[in-house]
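Listed below, chain by chain, are the residues.
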Amino acid sequence: MSSAATRALLVEQAGKIWRPAATSSDGARLSIGRTTDSDVPIDHPLVSREHATLELTAEGWWLTDLSSHHGTYVHGRRVSHLLLDGEVEVRLGDPESGAALHLSAPTAVHSPSTVVVRIGRAEDNTIVVADLEVDQHHAELVPDADRGCTGYLVTDLGSATGTFVDGAPVPRGGTARLPENGLLTVGRTHFTLRDGDLLERVDDGGVYVEARGLRTTAKARRGSDARTALLDDVSFTLGKGTLLAVLSPSRRGASALAAALSGARPAEGGEVLFDGRDLYGDYAELRHRIGRVPRDDPRRTPLPAPLTVRTALTYAARLRFPADTSGAERAQRVDEVIADLGLTGQTDVPVGSLSDGQRTLTSVGLELLTWPSLLVLEEPTAGLEPDEARSVVRVLRALADGGRTVVVTSSTPDLELDSWDRVLVLSPSGSVTYAGRPGELLTHVGERDLPSLFRTLERSPAGWPVPGERPPDSPALPPGRLPVWTQVLVLARRSLAVLAADHQRLAVLASLPLVLAVLARTVHTPLGLLVVLVVSAALLGAVTSVREVVVERRDYTRQRAVGLSPFAYLASKTAALGLVVTLQCLLLVALALAAHDLPETGVVLPWALPEIGLAVTGVAVASVCVGLAVSAAAPSIRWAAPTLALLLAGQLVLSGGLFPLGAHAPLEQLAWLAPPRWGLVMTAGTVHLPSLEPRAGFLDPLWTPSAHTWWLAAGINTALAIAASGLAYLLLRRREAD
């Protein structure tokens with residue numbers, strides 16, 4: 001039901017359609033001209049009598065201009081010879097007013113012979129799409145039963161990466177109508193419905209990008225309503241397989257252009273066309289074809305430093321590909337990316353042991369996993385030694401030579417111009433100073449080298465106050481590619497793998513309960529022992545979690561951009577770290593209470609020791625949630641240590657074991673927010689502390705051995721954990737908005 005990949009062709013002009021036979025052999029030819037003898041006759045004054053031909057070769061269909069008087073134009077440029085790839089609009093005679101000719105060379109033509117057409121990666125589908133971004137059974141099409149309709153009803157079969165009709169997402173598990181000439185997209189494959197046939201085209205790299213009149217402003221300074229221009233009427237075009245360098249002494253301007261081109265932060269004015277489509281309007285679909293690598297310190301990486309390159313990219317692939325992707329398929333794609341990056345020799349090297357340039361390349365590798373057509377990188381060579389910077393540029397050059405469109409920004413004059421296809425220079429005020437070939441740049445601007453060019457630009461006006469409205473919000477982030485609980489499982493496994501690979505941290509976490517148990521053994525009063533246990537649990541939870549979010553902020557931001565759920569991220573952290581502190585607490589309780597006389601039964605369990613272990617573990621898990629909230633709020637990792645010390649001091653004071661809280665009204669109310677307070681209530685009830693504590697005036701009324709009180713304390717401790725998790729979630733979302 002599908003034609004050979006290079007045989008199919010569809011020619012449209014003024015509502016008329018010409019389709020050569022799908023079985024055409026090499027040498028098949030269509031003539032285009034003004035005469036009626038032409039295979040494709042076009043009655044237009046700017047079209048020559050014999051204007052152009054379409055000829056089939058082993059490579060595909062070639063469009064050739066026959067030295068026409070007014071020329072043949074594609075994307076505003078005159079062409080004489082063009083190999084058709086996908087869909088393209090050709091203007092005959094004039095780039096603006098010439099006759100429009102729509103040419104489509106699909107990968108295949110599908111003529112459905114069944115009522116139900118199913119699309120997916122599995123071999124039992126009607127149309128098989130060999131793409132890891134497509135589910136085994138991705139979407140289903142049935143003819144539209146409405147009278148007079150010639151389209152299909154498209155049903156998404158719960159796909160991870162989504163199904164799109166004319167750029168709009170089909171609700172997961174929902175249905176949308178695909179009209180005649182409509183565009184259906186699954187993964188990197190597009191289907192256009194024409195006369196009942198589905199014309200398939202695979203986006204296998206490379207895209208035509210056009211920026212038109214981009215304008216972006218920002219606050220001139222804090223506390224001021226005046227705005228300064230970052231982008232001012234920026235326009236340029238990029239062909240497929242182009243490597244563009246964006247040079248600007250203003251880092252904010254270069255970053256604004258990168259964000260506008262990738263759709264991460266749309267420009268306030270103007271538009272970006274992605275193969276002729278409105279990037280901002282169809283962002284929900286097109287964003288999957290764009291990879292953005294934000295500026296980062298080369299000594300840091302969004303990938304976990306303890307993991308090897310292969311392991312780190314494998315976990316990233318688990319989050320980006322559908323859940324039904326096999327391990328072998330993921331491994332093959334990871335190996336392909338590693339080879340593209342030139343890191344085959346570093347496959348099993350920990351990310352933290354790589355050179356700065358190699359770490360930069362692994363960051364690029366995150367985006368390459370999903371075959372982006374447009375790759376936008378912000379200052380990937382910043383901070384690198386010259387040799388490593390050249391190595392990074394060589395990899396980017398190879399990616400562009402392979403068909404991708406690559407845009408690189410730089411706010412320092414450290415790039416070598418020879419490697420680039422085109423250069424765009426922005427002034428500090430956001431206007432285009434130069435756009436063209438790199439070899440002509442210095443001559444055009446009258447400078448001897450890039451450093452002198454940057455010095456000249458820096459002496460230009462740094463911007464001016466302009467009336468501006470609030471910058472537009474970023475397009476809504478897409479729903480998670482994977483089901484939330486699948487994301488939780490993948491991320492939890494990755495967190496445990498990172499911990500297992502970090503031998504120094506693992507040793508600290510393993511020895512901590514032993515040290516705390518020894519400390520507990522030195523305490524000889526029942527109340528003092530219980531206080532040590534619950535405060536130690538709070539220490540274990542906080543130490544394990546207080547650095548987690550702030551350390552992984554770059555990784556979270558990158559994963560969030562491809563659909564990671566904040567809930568899944570926090571739930572995975574709670575699950576993984578909760579398992580760690582559970583093991584620590586069980587070891588702590590077992591060692592600290594060995595040989596101690598305990599009641600024969602607990603308050604809610606048949607045994608006292610497991611009940612104490614459950615209470616202490618509950619305090620630790622709640623403290624993990626508190627630590628995650630603190631980590632989400634921390635502006636940098638330097639805040640972790642002092643915040644941890646303050647947190648533990650407060651937990652000790654509010655536990656209720658140092659002095660009667662009832663005599664201090666503010667502290668008694670604050671103690672409700674401290675997990676050790678409720679851990680002490682539960683453990684005190686289990687050991688019947690009122691009968692063991694001689695200081696009768698010091699007894700807390702909640703220390704009674706009552707099942708009701710025990711469950712009340714456990715419920716409040718759980719509520720604190722949920723509240724802390726909710727706060728962490730809000731802090732993550734607030735940082736996204738900022």
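Not measured: the values here are computed from a predicted model.

**Structural notes on the overall build of the protein chain**
Phase 1: For the protein chain, the helix and strand inventory stands at 20 helices and 33 strands.
Phase 2: Taken along its principal axes, the extent of the C-alpha atoms in the protein chain is 110 × 70 × 50 Å.
Phase 3: Per-residue burial over the protein chain gives 53% buried out of 738 residues.
Phase 4: At a minimum sequence separation of 6, the contacts of the protein chain that also span at least 24 residues come to 64%.

**Comments concerning the packing of helix 11 (residues 526-545) against helix 15 (residues 608-633)**
The description of two packed helices rests on the angle between their axes and on the distance between the axes.
Phase 1: Helix 15 packs onto helix 11 with a crossing angle of 35° between their chain directions and a minimal axis gap of 7 Å. Note that helix 11 runs across helix 15; the crossing there is right-handed. Only Ile 612, Val 616, Val 619, Ala 620, Ser 623, Val 624, Gly 627, Leu 628 and Ser 631 of helix 15 make contact with helix 11, whose side of the interface consists of Leu 533, Val 534, Ala 537, Ala 538, Gly 541, Ala 542 and Ser 545.
Phase 2: For the contact of helix 11 with helix 15, the class distribution of residues is 11 nonpolar, 5 polar and no charged.

**Observations regarding the environment of Ser 97**
Phase 1: Position of Ser 97 among the secondary structure elements: in the loop between strand 10 (86-92) and strand 11 (99-105).
Phase 2: For the pair Ser 97 and Ala 139, spaced 42 residues apart in sequence, the C-alpha to C-alpha distance is 40 Å.

**Quick word on a nonpolar patch on the surface**
Phase 1: Taken together, the side chains of Val 484, Trp 485 and Phe 567 present a nonpolar region at the surface, about 320 Å² in accessible area.
Phase 2: Residue placement: Val 484 occurs in helix 9 (residues 484-501).
Phase 3: A residue is classified by how much of its surface remains accessible, and Val 484, at 32% relative accessible area, is partly exposed.

**What about the sheet that holds strand 14 (residues 127-128)?**
Phase 1: Reading across from one edge, 14-13-15-16-19 is the order of the 5 strands in this open sheet, with mixed pairing throughout. Looking at the sheet topology across the chains shown, the edges are occupied by strand 14 and strand 19 (175-178).
Phase 2: In this sheet, strand 16 (residues 152-156) lies alongside strand 15 (residues 139-143) in antiparallel orientation, the contact comprising 5 bridges. Looking across to strand 16, one finds that Val 142 is bridged to Leu 153.

**Quick word on the nonpolar core**
Phase 1: Ranked by size, the top nonpolar core spans 111 residues in total, and within it Val 406 and Leu 441 carry the most contacts.
Phase 2: Among the elements that take part in this core, helix 11 stands out by supplying 13 residues, more than any other.
Phase 3: Per-domain counts for this core show at least three residues from each of domain 3 (219-459) and domain 4 (484-735).
Phase 4: Every residue in contact with Val 406, bar those within four places of it in the chain, is listed here: Thr 242, Leu 243, Leu 244, Leu 375, Leu 377, Leu 396, Leu 399 and Ala 400.
Phase 5: Val 207, Leu 230, Ala 256 and Ala 267 belong to the second largest nonpolar core, which has 30 residues in total.

**So, the state of the cysteines**
Phase 1: Taken as a whole and assessed by the stated rule, the structure comprises 0 disulfides.
Phase 2: Left unpaired, Cys 585 is separated from the closest cysteine sulfur, that of Cys 625, by 13 Å.
Phase 3: Relative accessible area serves as the criterion here: at 0%, Cys 585 is assigned to the buried category.

**What to know about the domain arrangement of the protein chain**
Phase 1: Domain parsing of the protein chain yields domain 1 (10-104), domain 2 (108-202), domain 3 (219-459) and domain 4 (484-735).
Phase 2: Placing a centre on the C-alpha atoms of domain 3 and another on those of domain 4 gives a separation of 42 Å.
Phase 3: Contacts between the two partners involve 19 residues from domain 3, matched on the other side by 16 residues from domain 4.
Phase 4: Both sides of the domain 3 and domain 4 interface together cover about 1,700 Å² of buried area, and 60% of this is carbon and sulfur.
Phase 5: Considering only the surface of domain 3 that becomes buried against domain 4, Pro 306, Tyr 315 and Leu 319 emerge as the three largest contributors, covering 35% of it.
Phase 6: Linking domain 3 to domain 4 there are 1 salt bridge.
Phase 7: Across the salt bridge formed by Arg 558 and Glu 367, the nearest N and O atoms sit 3.0 Å from each other.
Phase 8: Between domain 3 and domain 4 we count 4 residue pairs in polar contact (both at pLDDT 80 or more) in total.
Phase 9: Elements with a minimum of two residues in the side of domain 3 that touches domain 4: strand 28 (290-293), helix 3 (309-320) and helix 5 (356-368).
Phase 10: When residues of the side of domain 3 that touches domain 4 are assigned to their parent elements, the largest contribution, 5 residues, is made by helix 3.

**Regarding the sheet that holds strand 6 (residues 60-65)**
Phase 1: Read from one edge to the other, the open sheet built from 5 strands follows the order 4-3-5-6-9, with strand pairing classed as mixed. Edge positions in the open sheet fall to strand 4 (40-41) and strand 9 (81-83), since each of these has one partner strand only.
Phase 2: In this sheet, strand 5 (residues 52-57) lies alongside strand 3 (residues 29-33) in antiparallel orientation, the contact comprising 4 bridges. When the bridges of strand 5 are listed, Ser 31 appears paired with Thr 53.

**Side note on unusual backbone geometry**
Phase 1: Even without being glycine, Asp 166 reaches a positive phi, approximately 50°.
Phase 2: For Asp 166, the position within the fold is in the loop between strand 17 (163-165) and strand 18 (168-170).
Phase 3: In this model, Trp 371 sits at a positive phi of 55°, which is unusual for a non-glycine residue.
Phase 4: Within the secondary structure layout, Trp 371 lies in the loop between helix 5 and strand 29 (374-378).

**A short note on the pattern of salt bridges**
Phase 1: Scanning all chains against the criterion turns up 29 salt bridges.
Phase 2: Arg 194 serves as the salt-bridge partner of Glu 12, at 2.5 Å between the closest nitrogen and oxygen. With a gap of 182 residues between them, Glu 12 in strand 1 (residues 10-13) and Arg 194 in strand 21 (residues 189-194) connect regions that are remote in the sequence.
Phase 3: Residue Glu 12 is classed as buried on the basis of its relative accessible area, which comes to 18%.
Phase 4: The residue Glu 552 makes a salt bridge to Lys 573 at a minimum N-O spacing of 2.9 Å. In this pair, Glu 552 is assigned in the loop between helix 12 (548-551) and helix 13 (553-560) and Lys 573 in helix 14 (residues 566-592), connecting sequence segments 21 residues apart.
Phase 5: The buried category is assigned to Lys 573, whose relative accessible area is 1%.
Phase 6: Counted as one network, the salt bridges with shared partners bring together Arg 494, Arg 505, Glu 548, Glu 552, Asp 555 and Lys 573.

**A word on the side chain of Ser 48**
Phase 1: Relative to the elements of secondary structure, Ser 48 occurs in the loop between strand 4 and strand 5.
Phase 2: Among residues more than four places away in sequence, those in contact with Ser 48 are Gly 33, Arg 34, Ser 68 and His 69.

**A few points about helix 11**
Phase 1: Over its 20 residues, helix 11 runs 29 Å from end to end, which matches the ideal 28 Å to within 8%, given 1.5 Å per residue.
Phase 2: The buried count for helix 11 comes to 17 of 20 residues, which makes it a mostly enclosed element.

**Observations regarding the UniProt feature "transmembrane region" (unreviewed entry) in the protein chain**
Phase 1: In this structure's numbering, the residues bearing the UniProt feature "transmembrane region" (unreviewed entry) are residues 527-546, 567-592, 612-632, 644-663 and 710-732.
Phase 2: A distance of 36 Å separates the end C-alpha atoms of residues 567-592, which is 100% helix and 0% strand.
Phase 3: From the first C-alpha to the last, residues 710-732 spans 33 Å; its make-up is 100% helix and 0% strand.

Rules behind the numbers
Residues numbered from 1 in each chain as written. Predicted model: local features only at pLDDT ≥ 70, side-chain atom pairs only at ≥ 80, totals over all residues. Heavy atoms only, no water. Helix = DSSP H or I, 4+ residues; strand = E, 2+ residues; numbered from the N terminus. Buried < 20%, exposed > 50% of the residue type's maximum accessible area, 1.4 Å probe, protein only. Contact = heavy atoms within 4.5 Å. Axes fitted to C-alpha atoms, helices over the stretch in contact; angles between N-to-C directions. Left-handed = near helix turned anticlockwise from the far one by under 90°. Nonpolar A, V, L, I, M, F, W, Y, C, P; charged D, E, K, R; others polar. Patch = residues over 30% accessible without salt bridge, like charges linked within 9 Å, V, L, I, M, F, W, Y side chains within 5 Å. Areas by Shrake-Rupley, 256 points an atom, 1.4 Å probe, with all protein chains shown as cover. Salt bridge = Lys/Arg side-chain N within 4 Å of Asp/Glu carboxyl O. Pairing = 2+ DSSP bridges. Core = buried A, V, L, I, M, F, W, Y, C linked by side-chain atoms within 4.5 Å. Domains from an automatic or database assignment. Disulfide = S-S within 2.5 Å. Buried area = accessible area lost by both parts, 1.4 Å probe. Polar contact = N/O pair within 3.5 Å; in protein donor to acceptor, adjacent residues only side chain to side chain. Expected span 1.5 Å × (residues − 1). UniProt positions renumbered as here; feature names shortened; annotations may be inferred.

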